[in-house]
Amino acid sequence: FDIPPSEEHPEGIPFVSRLAAHHREAIEWHWNALIMKRAGLDITRYIYFAIWSRGHMKSTIARYIAICDAALSGKGYCLYVSGTKGKVRGHAISIETLLGGAKVREYYPKLSTVMRGQEGQSKGWQANFIYTEAGYVFHFVSLDEGIAGANIDSVRPTLIIPDDVDDRDDSVVISQNRMRVLTRAVLPTRQHNTLVLWAQNLISRHSVLYHVYTGKEVVLTARVVTKPIPAVVGLTVERRVVDGIIKDIVTAGTPTWEWYGLKRVQEEIDTIGLSAFLAECQHEVDQDLADAILPEFNEEVHLITWEE
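1. Section: the packing of helix H2 (residues 58-73) against helix H3 (residues 85-99)
Here H2 crosses H3 at 50°, and the two axes come no closer than 10 Å. The angle between H2 and H3 falls in the class oblique. At the point where H2 passes H3, the crossing takes the right-handed sense. Here Ser 59, Arg 63, Tyr 64, Ala 66 and Ile 67 of H2 lie close against H3, whose contacting residues are His 91, Ser 94, Ile 95, Leu 98 and Leu 99. Among the residues making up the contact of H2 with H3, the classes are represented as six nonpolar, three polar and one charged.

Shown next as structure tokens:
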């Protein structure tokens, strides 16, 4: 795979040569898990959390892993989960584009072909799932819409990818509802040796991922021990006045990925502000307590009298 051309890189980027250590770790986890699965071995750490900075190819890696899973597994079932219907559709379009790529068509042509029934009708290349001639299914679901249980042709998911489960403006109630759907409807669809790759940053203190990662919700515990990867280690910022404009200037730090260097960091801070950068790229989601007061009643935090 290559990353498509862009304004910054007109000729595109050779994908493999641009991976950081955390990218390689996630890919190697999946590769090794597939080898164990094909050998009939039990996978004890079948969950991986890719909690990386914004701009660190979280969704890109997740989608490529999904395609590789299909190529190397043959028949299988990827359940791709997001928070909203719009995000789900975006991931579905991206997966469809990757399946139509030249290398996939060359080496795994059946992955690029729609499964058809005995009478020739298309069996499944729709908005919410892709059913390939190879026998591998990609099913895209939203936690807001819910899922009664994934089971197509008696095949249960062999790979579950929660990606963009949380939104930045999610209320506590929305996060609780998504947690309920995830734990009671989505995750119970897994079978023995089903892999789970969660690609997302922490978003906020109310997010589903934050509650799972910090142990507030004791679920998905059979995972590889990973830590959130910030954009910069040892980041220091100094506030200065530049040409009459107050700016936060990066003075030191070591990027965790060479393709997201300090120049890009400075541009991001100039654009979205330091507070947003610390939350989105450094995972410092406890910094802002502006939403600590809940205006609506919540029985877990609000007290009332017996008379009330």
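2. Observations concerning the packing of aromatic side chains
Evaluated as defined, the whole model comprises four aromatic pairs. Residues Tyr 80 and Phe 140 carry aromatic rings whose centres are separated by 5.9 Å and whose planes lie at 40° to one another, so their mutual orientation is tilted. You can see Tyr 80 sitting in strand E4 (residues 76-82) and its partner Phe 140 sitting in strand E6 (residues 136-142), a full 60 residues away along the chain. Comparing Tyr 80 with Phe 140 shows no difference in burial state: the two are buried. Taken together, a centroid distance of 4.9 Å and an interplanar angle of 50° make the contact between Tyr 136 and Phe 138 tilted. Residue Tyr 136 is classed as buried on the basis of its relative accessible area of 0%. Positioned over the ring face of Tyr 46 is Arg 190, at 3.9 Å from the centre of the ring.

3. Here we look at the nonpolar core
In terms of nonpolar packing, the biggest core is built from 47 residues, with Cys 78, Ile 95, Phe 138, Phe 140, Ile 161 and Leu 197 touching the most fellow members. The biggest single contributor to this core is H2, with eight residues. When neighbours within four sequence positions are excluded, Ile 161 is seen to be in contact with Ala 62, Ala 66, Cys 78, Leu 79, Tyr 80, Val 81 and Leu 197. Grouped together as the second largest cluster of nonpolar side chains are 31 residues, Val 137, Ala 185, Val 186 and Val 212 included.

4. A short note on the sheet that holds strand E5 (residues 129-131)
If you trace the six strands from one edge of the open sheet to the other, you get E3-E8-E7-E4-E6-E5, paired in mixed fashion. Every other strand in the sheet has two partners, leaving strand E3 (47-50) and E5 as the edge strands with one partner each. Strand-to-strand twist in this sheet, taken as the mean axis angle between neighbours without regard to direction, amounts to 15°. Sheet analysis places E4 next to E6, joined by seven bridges and oriented parallel. Among the inter-strand pairings, Cys 78 is bridged to a residue of E6, identified as Phe 138. The strands touched by helix H1 (residues 21-38) are E3 and strand E8 (195-199); relative to E8, the strand with the most contacts, the crossing angle is about 165°.

What counts and how
Residues numbered from 1 in each chain as written. Predicted model: local features only at pLDDT ≥ 70, side-chain atom pairs only at ≥ 80, totals over all residues. Heavy atoms only, no water. Axes fitted to C-alpha atoms, helices over the stretch in contact; angles between N-to-C directions. Helix = DSSP H or I, 4+ residues; strand = E, 2+ residues; numbered from the N terminus. Parallel < 35°, antiparallel > 145°, perpendicular 65-115°, else oblique. Left-handed = near helix turned anticlockwise from the far one by under 90°. Contact = heavy atoms within 4.5 Å. Nonpolar A, V, L, I, M, F, W, Y, C, P; charged D, E, K, R; others polar. Phe/Tyr/Trp six-rings, centres within 6.5 Å; stacked < 30°, edge-to-face > 60°. Buried < 20%, exposed > 50% of the residue type's maximum accessible area, 1.4 Å probe, protein only. Lys NZ or Arg CZ within 6 Å of the ring centre and 35° of its normal. Core = buried A, V, L, I, M, F, W, Y, C linked by side-chain atoms within 4.5 Å. Pairing = 2+ DSSP bridges.

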